[in-house]
Amino acid sequence: MDTITLRVISLEKFSVANWALFVPEFSIRTFSDLSQNERIRSGNKRIPYLRRFILHPEYADVYVPKVEVYEKADNTKGIVWYEAVISFSLPKIVFENSILEAFESDIPTTMSIVSQRLASIGIRISEHTILESPLSVVHFCKNTLLPSQIYLRAILNEFSHINMGEAYQTTEDIRNRDKNNSSVLHLYCGSREWSFYEKIRDSTKKAGREKEFVERYGLQNTELFRYEYRLNKAQTIRSEINKLLDRPFITPVLVKDLASPDLCSKVLLNSWHKIIQRPENQLALIGHNNGLQLLLHILQKGKDANAHSQNKALWSYGLAMAIKNHGAKAIREELKRIWSTKANSRLDAKLKIAASLASDLPFSDGVLFIQNKLKQFEKITLDSFTKTP
């Protein structure tokens, strides 16, 4: 688990020692203080707040959460209220870096530290209030040490060919925009995001405590694969977590719910299954790099008494190779562009057939390694690394 964003609603639940540290200048208002334009805006659901104030604390020797305060209003009730939005990295609160991992068992202790760190920058919120606060962002993640025979770029290259649906940005575009020479891969839409990258390289991009940690323990040449599943809206969080906790969808997900046993591993495994259950992704991640071997396998498995079994096997092989070479998203978009929007529904049926003919072929070594490590879910600690004397 990494980034958490929580909301504390009402000034009755939090206090600020020095509002001068917020930008722009803060002032408390009542509904009668609002201009006519602001009152009209407060009735527009597309405008989530009237004013936003960002805390700029003085330098701290330790990692501190980010704090923003939003001014909101309701023109039907004629009220104005203030909401604190607090964001922090769970492992950075505990370890000052996110290379080491923090999970469910760390939640109670961590929230006590969060309350103390907030107090050190003039924001007073009790530990109880933090635990009872609703979540708006949660990033679940797992770090995996890669052995010398498993290559990060090979894994990223394979994942760049998967597809999570039309709502998600194409991986190919993201790879072209990547500033780390394809060392980061994202699949994202507005509320969910899958992210794959090398954590240690990411930690050393700029000076800071994480870079100092890497240098102190001599981890510069270590490859640490990061698999991250980001839930970026409260509704998405409710959809994912309440289902796992066997609760109604409308139940608010609070910070204390993150302490539920094995929650992180369950969420990440579910997110992994979302990837591999799609037929086109099963084809994209096949470990066979020898085209002839793949063809012979599909021909052999596709042979039956049906008069069209040979045609089915041939176009199944064609789909499998096209997706492995060019990516599932690219194939879908080109078929849709050249033929029609109906091509997608027709392709779905063909992909299921092609995936079934290749179903007993294993994923690549790198993908299988990551999948097994997710199932084992062993916590990365200092003992996981080879320490330099």
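Residues numbered from 1 in each chain as written. Predicted model: local features only at pLDDT ≥ 70, side-chain atom pairs only at ≥ 80, totals over all residues. Heavy atoms only, no water.

In this structure the tally under the stated criterion is 27 salt bridges. With a closest N to O distance of 2.4 Å, Asp2 and Arg226 form a salt bridge. Of this pair, Asp2 sits in the segment before β1 (3-9) while Arg226 sits in strand β11 (residues 224-231), and the two are 224 residues apart along the sequence. Here Asp2 matches Arg226 in class, with each residue buried. Measuring nitrogen to oxygen at the nearest pair gives 3.1 Å for the salt bridge that ties Asp202 to Lys205. Each of Asp2, Glu193, Arg226, Glu228 and Arg230 takes part in salt bridges that share partners, so that together they form one network. (Salt bridge = Lys/Arg side-chain N within 4 Å of Asp/Glu carboxyl O. Helix = DSSP H or I, 4+ residues; strand = E, 2+ residues; numbered from the N terminus. Buried < 20%, exposed > 50% of the residue type's maximum accessible area, 1.4 Å probe, protein only.)

This part takes up the sheet that holds β1. Spatial strand order, β3-β4-β5-β6-β1-β8-β11-β10-β9: 9 strands in an open sheet with antiparallel pairing. With one partner strand each, in any of the chains shown, β3 (22-23) and β9 (184-188) form the two edges of the open sheet. Pairing between β9 and strand β10 (residues 192-198): 5 bridges, direction antiparallel. Bridging from a neighbouring strand, Leu185 pairs with Phe196 of β10. Against the sheet, helix α16 (residues 365-376) contacts β8 (135-145) and β11, and its axis sits at roughly 115° relative to β8. (Pairing = 2+ DSSP bridges. Contact = heavy atoms within 4.5 Å. Axes fitted to C-alpha atoms, helices over the stretch in contact; angles between N-to-C directions.)

Within strand β6 (residues 79-89), 8 of the 11 residues are buried, which leaves it mostly tucked inside the rest of the structure. Here β1 pairs with β6 via 7 bridges, running antiparallel. In the strand pairing of β6, Leu6 is matched with Ile86. Taken together, the 9 bridges between strand β5 (residues 66-74) and β6 define a ladder with antiparallel strand orientation. Bridging from a neighbouring strand, Ala73 pairs with Val80 of β6. The hairpin turn running from β5 into β6, its antiparallel successor, is 4 residues long, and Gly78 in that turn takes a positive phi close to 70°.

Counted by the stated rule, this structure contains 13 aromatic pairs. Seen from their ring centres, Tyr49 and Tyr70 are 4.8 Å apart, and the 65° between their planes marks the pair as edge-to-face. Of the two residues, Tyr49 is situated in the loop between α1 (36-41) and β4 (51-55) and Tyr70 in strand β5; the sequence distance between them amounts to 21 residues. A relative accessible area of 14% means that Tyr70 is categorised as buried. Ring geometry for Phe159 against Phe196: centres 4.5 Å apart, planes inclined by 15°, an arrangement best described as stacked. Taken together, the residues span a long stretch of sequence, with Phe159 in helix α5 (residues 152-159) and Phe196 in strand β10 at a distance of 37 residues. Taking relative accessible area as the criterion, Phe196 reaches 0% and is therefore assigned buried. Grouping aromatic residues by their ring pairs yields a cluster made of Trp19, Phe22, Phe26, Phe53 and Tyr82. (Phe/Tyr/Trp six-rings, centres within 6.5 Å; stacked < 30°, edge-to-face > 60°.)

The next subject is the packing of helix α10 (residues 263-276) against α16. In contact at an axis separation of 10 Å, α10 and α16 are set at 150° when each is read in the N-to-C sense. What the angle tells us is that α10 and α16 run roughly antiparallel. For the pair α10 and α16, the crossing hand works out as left-handed. Two secondary-structure elements touch here, α10 through Leu269, Trp272 and Ile276 and α16 through Val367, Ile370, Gln371, Leu374 and Lys375. Broken down by class, the residue content of the contact of α10 with α16 amounts to 6 nonpolar, 1 polar and 1 charged. (Parallel < 35°, antiparallel > 145°, perpendicular 65-115°, else oblique. Left-handed = near helix turned anticlockwise from the far one by under 90°. Nonpolar A, V, L, I, M, F, W, Y, C, P; charged D, E, K, R; others polar.)

Let us now look at unusual backbone geometry. Phi is mostly negative for residues that are not glycine, and the peptide bonds are mostly trans. The step from Val23 to Pro24 runs through a cis peptide bond, and the omega angle for that step is 0°. Topologically, Pro24 is positioned in the loop between β3 and α1. Phi is positive for Asp246, which is not a glycine, with a value near 60°. Here Asp246 lies in the loop between α9 (234-244) and α10. In this model, Asp262 sits at a positive phi of 60°, which is unusual for a non-glycine residue.

Of the residues in the protein, 94% reach a pLDDT of 70 or more, and the chain-wide mean stands at 87. Overall, residues 170-182 carries pLDDT values under 50, and its contacts beyond four positions in sequence, including any with other chains, amount to 26 contacts. (pLDDT = per-residue confidence, 0-100.)

Turning to helix α8 (residues 209-216), its buried residues are Glu210, Phe213 and Val214. The buried residues of α8 occupy an angular sector of 100° when the element is viewed end-on, so they sit on one face. Those residues of α8 hidden inside the fold are in contact with α2 (90-95) and α7 (199-203). With its phi angle positive at about 60°, Gly218 sits one or two positions after the end of α8. (Arc of directions from axis to C-beta.)

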